[in-house]
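Spelled out from the first residue to the last, the chains are:
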Amino acid sequence: MSKRKSEVPLVEQLYKKNLGSFEASGGFCDDDDQVAERREEIAQKRQRRIDARAPSIPLDDCQLCQKPIIESFLWDRFRHPVCDGCRDDMDAHKLISRTDALNTYLLKPPDLDLRKPALRYIARKNPHNPRYGDMKLYLGCQVIDRMLEVHGSYEGLEDAKKLREDKRTVKNERNFEKKLKDMRKQIRGAGKNIVVTKKAHIHAFGDEIEVDAAAGEWKRECAECGYTETFEKM
């Protein structure tokens, strides 16, 4: 039984642990900060396991200055051999979110997670709401290299964007035509309900029946609607 429990991811264990008090707290738990800290700790442990498989010191010198790497944030977190002195946070080595990596460079999740080597990232609390899932930040230059592997070149990326835009335009046009067609059907249906043509009824009277011979009064009845007409014969 303990073996099965150990196979359950820690995140799922934490979720089930706090599930019982979730409704009682109106959807917010008092220990949300503790859960967030625990989640960050899990992410860090996962990252350390990945780091253990790679050498802690880069085998090559810095790609930019060609000097031995003494301290490097980029190597420690992304295994990118550039020293802290050559690190450029504003351009080549800026961090981009997973959403931007997927949308801007037209990558798919398998391109980041399954294509070898899987791109490394750092997890940070979501700035919009700390209760959301952690935000994954990737190294910009590594994302660009992965984009070049997928699309071949910047021109290939632009072609893929144009193709996606064309498909989106065709889809929007089809949706517009469908809505326009439905609207026309509704207008025609409403017109049929408003304009009602009714044919005038023509009585089909039966035999004339004498009512009062002295007064010369007679009557006749419509065989279809039952209308009775009384008249006098001179």
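It should be noted that the structure appears before, not after, this text.
Residues numbered from 1 in each chain as written. Predicted model: local features only at pLDDT ≥ 70, side-chain atom pairs only at ≥ 80, totals over all residues. Heavy atoms only, no water.

Peer 1: What is the right way to look at the overall build of the protein chain in this model?
Peer 2: Broken down by element type, the protein chain carries eight helices and six strands. Sequence-ordered secondary structure for the protein chain, helices as α and strands as β, is α-α-α-α-β-α-α-β-β-α-α-β-β-β. Residues counted as buried form 23% of the 234 residues belonging to the protein chain. Sequence separation of 24 or more characterises 41% of the internal contacts of the protein chain that already satisfy a separation of 6 or more. (Helix = DSSP H or I, 4+ residues; strand = E, 2+ residues; numbered from the N terminus. Buried < 20%, exposed > 50% of the residue type's maximum accessible area, 1.4 Å probe, protein only. Contact = heavy atoms within 4.5 Å.)

Peer 1: Would you mind showing me how to read the packing of aromatic side chains here?
Peer 2: Pairs of aromatic rings are described using the distance from one ring centre to the other and the angle between the two planes. This structure, assessed with the given rule, holds three aromatic pairs. Taking the centre distance of 6.3 Å and the plane angle of 75° together, the rings of phenylalanine 73 and phenylalanine 78 count as edge-to-face. Sitting over the face of the ring of phenylalanine 205, arginine 220 holds its NZ or CZ atom 4.2 Å from the ring centroid. (Phe/Tyr/Trp six-rings, centres within 6.5 Å; stacked < 30°, edge-to-face > 60°. Lys NZ or Arg CZ within 6 Å of the ring centre and 35° of its normal.)

Peer 1: Just to check I follow, could you spell out the sheet that holds strand β2 (residues 121-124) for this structure?
Peer 2: Hydrogen bonds between backbone groups are what pair the strands of a sheet, and the pairing can be parallel or antiparallel. Sheet architecture is open: three strands sit in the order β1-β3-β2, paired in antiparallel fashion. Only two strands of the sheet have a single neighbouring strand rather than two, namely β1 (95-97) and β2. Ignoring strand direction, the axes of neighbouring strands in this sheet form an average angle of 35°. Sheet topology places β2 next to strand β3 (residues 135-139); four bridges connect them, and they run antiparallel. (Pairing = 2+ DSSP bridges. Axes fitted to C-alpha atoms, helices over the stretch in contact; angles between N-to-C directions.)

Peer 1: Got a minute to help me understand the pattern of salt bridges in this structure?
Peer 2: Oppositely charged side chains are able to pair whenever their charged atoms sit close together. Overall, the coordinates contain eight salt bridges when judged by the stated rule. Note that glutamate 149 is salt-bridged to arginine 146, the shortest N-O span being 3.3 Å. Placement of the pair is glutamate 149 and arginine 146 together in helix α7 (residues 140-151), with a separation of three residues, close to one helical turn. Residue class for glutamate 149 comes out partly exposed when judged on its relative accessible area of 45%. Residue classification places arginine 146 among the buried residues on the basis of a relative accessible area of 3%. (Salt bridge = Lys/Arg side-chain N within 4 Å of Asp/Glu carboxyl O.)

Peer 1: Would you mind showing me how to read the sheet that holds strand β5 (residues 217-221) here?
Peer 2: Strand order across the open sheet formed by three strands is β4-β5-β6, with antiparallel pairing between neighbours. The open sheet has two edge strands, β4 (209-212) and β6 (228-232), and neither has a second partner. Neighbour-to-neighbour, the strand axes of this sheet turn through a mean angle of 30°, independent of strand direction.

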